[in-house]
Amino acid sequence: MVALLSLAALVAAGIVGLYALSSALRTAREPAAVLSYESGLLPQQHAVSRYHARWYAVTVLFLAFDMEMIFMYPWAVVVADMGAAAVVEMFGFLAVLLVGVTYVWREGALRWT
């Protein structure tokens, strides 16, 4: 227990020391240079401005294909061992993803005109 507490104290002292060293060595920067994004230029719009509604449908499309790839690769490795039950489950999963893709298609997220 003493070893664990001393290790935690050593880690905490290291973290505090690194922050103190960083604060001591840092140079003063211009306010515009520390702004996020735009490479130091003044932002043209507010950071939490609203997105067009079409981008939500594009996000659903991305997530559908992303989830498909995440689960298809491991499934392809074990499908021979698991048999027909794995095939049925995967087609059920793909049916749920197809509902999302159909929604995106109907909303017009695949049209870029």
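Note that the coordinates shown come from a computational prediction; the quantities given were computed from them, not determined experimentally.

Thresholds, definitions, all that
Residues numbered from 1 in each chain as written. Predicted model: local features only at pLDDT ≥ 70, side-chain atom pairs only at ≥ 80, totals over all residues. Heavy atoms only, no water. Helix = DSSP H or I, 4+ residues; strand = E, 2+ residues; numbered from the N terminus. Buried < 20%, exposed > 50% of the residue type's maximum accessible area, 1.4 Å probe, protein only. Areas by Shrake-Rupley, 256 points an atom, 1.4 Å probe, with all protein chains shown as cover. Core = buried A, V, L, I, M, F, W, Y, C linked by side-chain atoms within 4.5 Å. Contact = heavy atoms within 4.5 Å. UniProt positions renumbered as here; feature names shortened; annotations may be inferred. Axes fitted to C-alpha atoms, helices over the stretch in contact; angles between N-to-C directions. Parallel < 35°, antiparallel > 145°, perpendicular 65-115°, else oblique. Nonpolar A, V, L, I, M, F, W, Y, C, P; charged D, E, K, R; others polar. Expected span 1.5 Å × (residues − 1). Bend = angle between axes of the 7 residues up to and from the residue. pLDDT = per-residue confidence, 0-100.

Description of the overall build of the protein chain
Phase 1 of the analysis: Looking only at helices and strands, one finds three helices and zero strands in the protein chain.
Phase 2 of the analysis: Each of the 113 residues in the protein chain was classed as buried or not, and the buried ones make up 12%.
Phase 3 of the analysis: Summing over all exposed atoms, the protein chain offers an accessible surface of approximately 9900 Å²; the carbon and sulfur share of this is 70%.

Observations regarding the nonpolar core
Phase 1 of the analysis: Core analysis: the biggest nonpolar cluster contains eight residues, these being Ala57, Val58, Leu61, Ala64, Leu97, Val101, Val104 and Ala109.
Phase 2 of the analysis: Mapped by element, the contributors of at least two residues to this core are α2 (54–82) and α3 (84–107).
Phase 3 of the analysis: The element contributing the most residues to this core is α2, with four residues.
Phase 4 of the analysis: Excluding residues that lie within four positions of it along the chain, alanine 57 makes contacts with Val104, Glu107 and Ala109.

A closer look at the UniProt feature "transmembrane region" (unreviewed entry) in the protein chain
Phase 1 of the analysis: According to UniProt, the "transmembrane region" (unreviewed entry) feature falls on residues 55–76 and 83–105.
Phase 2 of the analysis: Secondary structure across residues 83–105 divides into 96% helix and 0% strand, with the first and last C-alpha atoms of the span separated by 33 Å.

Quick look at the packing of α2 against α3
Phase 1 of the analysis: Running from amino to carboxyl end, α2 crosses α3 at an angle of 170 degrees, the nearest separation of the two axes being 10 Å. In terms of orientation, α2 lies roughly antiparallel with respect to α3. For the pair α2 and α3, the contacting residues are Ala57, Val60, Leu61, Ala64, Phe65, Met67, Glu68, Phe71, Met72, Trp75, Val79 and Met82 in the first and Ala84, Ala85, Ala86, Val87, Met90, Phe93, Leu94, Leu97, Gly100, Val101, Val104 and Glu107 in the second.
Phase 2 of the analysis: Taken together, the residues of the contact of α2 with α3 break down into 21 nonpolar, one polar and two charged.

Looking at α2
Phase 1 of the analysis: With 29 residues, α2 ought to run about 42 Å at 1.5 Å a step, and its terminal C-alpha atoms sit 40 Å apart, in line with that.
Phase 2 of the analysis: At alanine 76, α2 shows its largest kink, close to 45 degrees.
Phase 3 of the analysis: Three or more residues of α2 are buried, namely Ala57, Val58, Leu61 and Ala64.
Phase 4 of the analysis: Buried-residue contacts for α2 involve α3.

Digging into the confidence of the model for the protein chain
Phase 1 of the analysis: Put simply, the protein chain has an average pLDDT of 82, and 84% of its residues get 70 or more.
Phase 2 of the analysis: When pLDDT is averaged over each helix and strand of the protein chain, the minimum, 84, is found for α2 and the maximum, 94, for helix α1 (residues 2–25).

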